[in-house]
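# Structure at a glance
The residues making up each chain are set out below.
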Amino acid sequence: MFKKDQTTNEPKKSSERNILAQNTQIIGNITSDGDFRIDGTLEGNLTTDGRVVIGAKGLVKGACSLCQCRYRR
């Protein structure tokens, strides 16, 4: 009849997808909860709880703190 409250205090993971397109350059640090695809250039640090895909022409000149990374050739 009564159900136990199944809510948690854990923050919800973001389902956002961010794209750094080819021929785009960002200079600075990025912090996000969402996933990333990098086909351009990031000169700075990337911190995310999401996944990161670095495309064949993508480049990160900095440190990455993330859950999962894939490099595409």
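Keep in mind that this is a model prediction, so the values were computed, not measured. (Residues numbered from 1 in each chain as written. Predicted model: local features only at pLDDT ≥ 70, side-chain atom pairs only at ≥ 80, totals over all residues. Heavy atoms only, no water.)

On to the overall build of the protein chain, then. Of the regular secondary structure elements, the protein chain holds zero helices and 10 strands. Going from N to C terminus, the protein chain has its helices and strands arranged as β-β-β-β-β-β-β-β-β-β. At a minimum sequence separation of 6, the contacts of the protein chain that also span at least 24 residues come to 3%. (Helix = DSSP H or I, 4+ residues; strand = E, 2+ residues; numbered from the N terminus. Contact = heavy atoms within 4.5 Å.)

On the basis of which strands lie adjacent, the open sheet formed by three strands has the order β3-β6-β9 and parallel pairing. The two strands at the open ends of the sheet, each matched to only one other strand, are β3 (30-32) and β9 (64-65). In the sheet, strand β6 (residues 46-48) pairs with β9 via two bridges, with the strands oriented parallel. Note that in β9 the partner of T47 across the bridge is S65. (Pairing = 2+ DSSP bridges.)

Attention shifts here to the pattern of salt bridges. In the structure shown here, the tally under the stated rule is two salt bridges. Among the ionic pairs, D35 bridges to R51, the shortest N-O distance being 3.6 Å. On the criterion of sequence distance, the pair formed by D35 in strand β4 (residues 35-38) and R51 in strand β7 (residues 51-54) is long-range, its members being 16 residues apart. Measuring nitrogen to oxygen at the nearest pair gives 2.9 Å for the salt bridge that ties D39 to R37. Looking at D39, the relative accessible area reads 18%, which means it is buried. (Salt bridge = Lys/Arg side-chain N within 4 Å of Asp/Glu carboxyl O. Buried < 20%, exposed > 50% of the residue type's maximum accessible area, 1.4 Å probe, protein only.)

Moving on to the sheet that holds β7. The strand order β1-β4-β7-β10 describes an open sheet built from four strands, whose pairing is parallel. Lying at the two open borders of the sheet, with one neighbouring strand each, are β1 (17-20) and β10 (68-71). Direction aside, the axes of adjacent strands within the sheet are offset by 15 degrees on average. Pairing of β1 with β4 involves four bridges; the strand directions are parallel. (Axes fitted to C-alpha atoms, helices over the stretch in contact; angles between N-to-C directions.)

We note that N23 has phi near 70 degrees; this positive angle belongs to a residue other than glycine. Counting through the fold element by element, N23 comes out in the loop between β1 and β2 (25-27).

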